[in-house]
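# Architecture and fold: a report
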Amino acid sequence: MAEILIKIGDRQHRIACKDGTEDQIRRISGMLDSRWPAAARASGGLSDERSMLFVALMLADALDEAEQRLASAPIVASACPAAPPAPAAAPADLDRLANRLEAIAAALEKPVPSA
């Protein structure tokens, strides 16, 4: 199992992840970090936990907008003749995503043991 160091806001976090997923974890932690300043302002600077909640809400909003655009986009048969229409995200998929975001937030809130 790999271990990487990520930065979100002004804090660094050591994260264990499956071998080969390091780049993905860095990429998604970058998504969190890029939204952190706005989330910290929205939370009034009350707590990192509340800021992470706002980051999760921002990401969920962006995901919802992308799904809405996808659902309303006309399917052009000549552009993708072999591709079936993309199914709309099922509520179970959104629940799974929400659970993953909550698990990531919980992991980030745990103190990092000093080396």
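Above this text sits the structure in question.
A short tour of the structure in this document, coming up. (Residues numbered from 1 in each chain as written. Predicted model: local features only at pLDDT ≥ 70, side-chain atom pairs only at ≥ 80, totals over all residues. Heavy atoms only, no water.)

### With respect to the overall build of the protein chain
Heads up, the rule is: A run of DSSP states H or I qualifies as a helix once it reaches four residues; a run of E qualifies as a strand once it reaches two. Both are numbered from the N-terminal end. Contact between two residues is taken to exist if any of their heavy atoms lie within 4.5 Å; hydrogens are not considered. Using a 1.4 Å probe, the Shrake-Rupley method yields the accessible areas, and only the shown protein chains count as cover for residues.
A tally of helices and strands in the protein chain yields 3 helices and 2 strands. When the elements of the protein chain are put in sequence order from the N terminus, they spell out β-β-α-α-α. A separation of at least 24 residues holds for 36% of the contacts in the protein chain among residues at least 6 apart in sequence. Here the protein chain displays about 8200 Å² of accessible surface, and carbon together with sulfur accounts for 58% of that area.

### Considering the environment of Ala98
Formally: Relative accessibility under 20% of the residue-type maximum defines a buried residue, over 50% an exposed one, and the middle range a partly exposed one, all with a 1.4 Å probe and only protein chains included.
Here Ala98 lies in helix α3 (residues 91–109). According to the relative accessible area criterion, Ala98 is partly exposed, its value standing at 32%.

### Here's the deal with the pairing of strand β1 (residues 2–8)
The test is simple: In short, DSSP must find at least two bridges between two strands for them to pair.
The alternating pattern of β1 places Ala2, Ile4, Ile6 and Ile8 on a buried face, while none of Glu3, Leu5 and Lys7, on the opposite face, is buried. Count of turn residues in the β1/strand β2 (residues 11–17) antiparallel hairpin: 2 residues, of which Gly9 carries a positive phi of about 65°.

### Structural notes on the nonpolar core
Stated precisely, the cut-off is as follows: In these notes, a set of buried Ala, Val, Leu, Ile, Met, Phe, Trp, Tyr and Cys residues joined through side-chain atoms within 4.5 Å is what counts as a nonpolar core.
Residues Ile4, Ile6, Ile8, Ile25, Leu32, Met52 and Val55 are the most contacted members of the largest nonpolar core, which totals 14 residues. Of all elements in the fold, only β1, β2, α1 (22–42) and α2 (48–72) reach the threshold of two or more residues within this core.

### Some thoughts on the side chain of Ser29
Topologically, Ser29 is positioned in helix α1. On the accessibility criterion, Ser29 (7% relative accessible area) is buried. Excluding anything up to four places from it in sequence, Ser29 contacts Ile6, Lys7 and Ile8.

### Overview of α1
Defined as follows: Take the residue count of a helix, subtract one, and multiply by 1.5 Å to get its expected span. The quantity called bend is, for any residue, the angle between two axes fitted respectively to the seven residues ending at it and the seven beginning at it.
Between its first and last C-alpha, α1 extends 30 Å over 21 residues, near the 30 Å set by a 1.5 Å rise per residue. Along α1, the sharpest change in direction is near 45° and occurs at Trp36; proline Pro37 comes one to four residues later. Those residues of α1 that fall on the buried side of the exposure criterion are Ile25, Ser29, Leu32, Trp36 and Ala39.

### A word on the packing of α1 against α2
To characterise two packed helices, one gives the angle between the axes of the helices and the distance between these axes. To be explicit about the condition: With axes taken as lines fitted to C-alpha atoms, and helix axes fitted only over the stretch in contact, angles between N-to-C directions fall between 0 and 180 degrees. Crossings are classed by handedness, with left-handed meaning an anticlockwise turn of the near helix from the far one by less than a right angle and right-handed meaning a clockwise turn. Gly falls in the polar group here, along with every residue not listed as nonpolar (Ala, Val, Leu, Ile, Met, Phe, Trp, Tyr, Cys, Pro) or charged (Asp, Glu, Lys, Arg).
Where α1 meets α2, the axes come as close as 8 Å, and the angle between the chain directions of the two elements is 115°. α1 and α2 meet at a crossing whose hand is right-handed. Contacts between α1 and α2 involve Met31, Leu32, Arg35, Trp36, Ala38, Ala39, Ala40 and Ala42 from the former and Asp48, Ser51, Met52, Phe54, Val55, Met58, Leu59 and Ala62 from the latter. Of the residues that constitute the contact of α1 with α2, the class distribution is 13 nonpolar, 1 polar and 2 charged.

### Looking at the pairing of β2
Regular strands show a simple pattern: their side chains alternate between the two faces of the sheet. Bridge count for β1 against β2 is 7 bridges, and the pairing is antiparallel. Following the sheet pairing, Ile6 is matched in β2 by His13.

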